[in-house]
Every structure is written in structure tokens, then in C-alpha cells.
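Next come the chains, spelled out residue by residue.
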Amino acid sequence: ITFFANCSNVQNTAPNNTFSNDTNNVSFSSLDFINAVNFSLLKTNANEQVLAKLLQAHPTNVLIFLNADCPAAQKYTLTLNQLIAKHHKIKFYFVFIGKLSTQNKIADFKNKFNIPITSFVDPDLSIAKIFNTTTSPEVVVINNLGYKIYQGAIDNWFVKPGRTRTQPTAQY
């Protein structure tokens, strides 16, 4: 299954690893040891230092990379809020990407879509580059040792830019 980001021209192929659980524990077929994130790379500014400490403090973390102006990201807020509410033991963080992600725009987005989680601003895409993200929205599930459990789309709702299925047929 290929996910075409609504807010970029990059395509991202969903991996075979699965992110599903009923008990707030992540189950997966294999960790991505080759692409493990070196947390020391997340220390170039105070924002990244805080993120690195948070990621190392919790066994399972979900980073949601998005642009507040992206229609796909806005459409996924209900799904994301449901995931956040369901998985209490997993820590979720929004990473707002790009220079247009101002504090005011992020505050408006969080208020409008009732986003209750910690967020980070990544105007120069330094965090996005470390995690190798290319689309909005894109999810990275990572453990506290820096191993990626999953990276890619939330599901297959978006078929291509501006086009969605009535309902997703696969949850990643």
C-alpha cells in the first residue's frame, strides 16, 4: 500500500511492521535497528534537548509530524485524538514542521481540534531530518532506545493528494 501525502509530492510506502494493540503495549514484527535514531543528534537546541529527554523517559513514543495548514493533517485530528485517548501508556507528541508553523498558528490548531498533547515546533526541519520524515502527516513510533517500531502513514485513508477513501481499509 502506498500513501501519497496530501501536502507534499513525496510518496511513502507503509512497512510490514504493525502498530496495533488492545492493552497499550505495542506489538511489532521487527525493530528497525539499521535506522535507529541517535538521541545525541537531538541536542542542537533547547527544543530538541527536551524532546530527546522525553523520548528516552518513556518505553513507547509516537511522534506525529504535521503542518498545521495541511488539509490531510487537519482531517486526521479526530483519528489522532481517538488514538491518544485509547493508548494511555504511550506518549504522543506533535511536531509542527516548517517555517509557517508559528506559535500562534499551532495554538489555534490545538484549540480548534482539541489537541491535548505536548507539541514541538520544527521550523528548519531539523527534527524531521533526524527522523527521516517526508510527508504531513507522518507518524514515527519509537522506543526509548531510539529504535523505530514504525514509520509512515496512520492508515490508508488518503489515496493520493486531495482524494480519500470513504473509510480506511487498513490501519497501520
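So, here is what we can say about the structure in this document. (Residues numbered from 1 in each chain as written. Predicted model: local features only at pLDDT ≥ 70, side-chain atom pairs only at ≥ 80, totals over all residues. Heavy atoms only, no water.)

**As for the overall build of the chain**
Phase 1: For the chain, the count of helices and strands is five helices and nine strands.
Phase 2: Put simply, the chain runs from its N terminus to its C terminus through helices and strands in the order β-β-α-β-α-α-β-α-β-α-β-β-β-β.
Phase 3: Put simply, of all contacts in the chain between residues at least 6 apart along the chain, 67% involve residues at least 24 apart.
Phase 4: On the chain, roughly 8,900 Å² of surface is accessible, and the fraction owed to carbon and sulfur atoms is 52%. (Helix = DSSP H or I, 4+ residues; strand = E, 2+ residues; numbered from the N terminus. Contact = heavy atoms within 4.5 Å. Areas by Shrake-Rupley, 256 points an atom, 1.4 Å probe, with all protein chains shown as cover.)

**Brief notes about the packing of aromatic side chains**
Phase 1: Under the definition given, this model contains eight aromatic pairs.
Phase 2: A ring pair is formed by phenylalanine 96 and phenylalanine 109, whose centres lie 5.4 Å apart and whose planes are at 80 degrees; its orientation type is edge-to-face. Highlighted residues: phenylalanine 96 in strand 4 (residues 91-97) and phenylalanine 109 in helix 4 (residues 103-112), separated in sequence by 13 residues. Across the pair, exposure class does not vary: phenylalanine 96 and phenylalanine 109 are buried alike.
Phase 3: Ring pairs connect the aromatic residues Phe94, Phe96, Phe109 and Phe113, which therefore count as one cluster. (Phe/Tyr/Trp six-rings, centres within 6.5 Å; stacked < 30°, edge-to-face > 60°. Buried < 20%, exposed > 50% of the residue type's maximum accessible area, 1.4 Å probe, protein only.)

**Side note on the environment of valine 50**
Phase 1: With respect to the secondary-structure elements, valine 50 resides in helix 1 (residues 46-57).
Phase 2: In sequence terms valine 50 and phenylalanine 120 are 70 residues apart; their C-alpha atoms lie 9.4 Å from each other.

**Topic: the sheet that holds strand 6 (residues 138-143)**
Phase 1: The strand order across the open sheet formed by five strands is 5-4-3-6-7, and the pairing between neighbours is mixed. A strand with exactly one partner marks an edge of an open sheet, and here the two such strands are strand 5 (119-122) and strand 7 (148-152). This sheet shows a mean twist of 20 degrees between the axes of neighbouring strands, independent of strand direction.
Phase 2: Across six bridges, strand 3 (residues 60-66) lies against strand 4 in parallel orientation. (Pairing = 2+ DSSP bridges. Axes fitted to C-alpha atoms, helices over the stretch in contact; angles between N-to-C directions.)

**With respect to the nonpolar core**
Phase 1: Counting 30 residues, the largest nonpolar core has Ile64, Phe94 and Phe109 as its most contacted members.
Phase 2: Secondary-structure elements contributing two or more residues to this core are strand 3, helix 2 (71-75), helix 3 (77-86), strand 4, helix 4, strand 6 and strand 7.
Phase 3: Apart from the residues lying within four places of it in its own chain, the contact partners of phenylalanine 94 are Ile64, Leu66, Leu80, Phe109, Ile115, Ile117, Thr118, Ser119 and Phe120.
Phase 4: Of all hydrophobic cores here, the second largest spans 17 residues; its members include Ala52, Phe65, Ile127 and Val140. (Core = buried A, V, L, I, M, F, W, Y, C linked by side-chain atoms within 4.5 Å.)

**Digging into the pairing of strand 4**
Phase 1: Of all seven residues in strand 4, six are buried; the element is thus mostly enclosed.
Phase 2: Bridge count between strand 4 and strand 5: four bridges; the pairing is parallel. Across the sheet, phenylalanine 96 pairs through a bridge with valine 121, a residue of strand 5.
Phase 3: In terms of handedness, the path from strand 4 via helix 4 over to strand 5 forms a crossover that is right-handed. (Right-handed = clockwise from strand over helix to strand, strands pointing away.)

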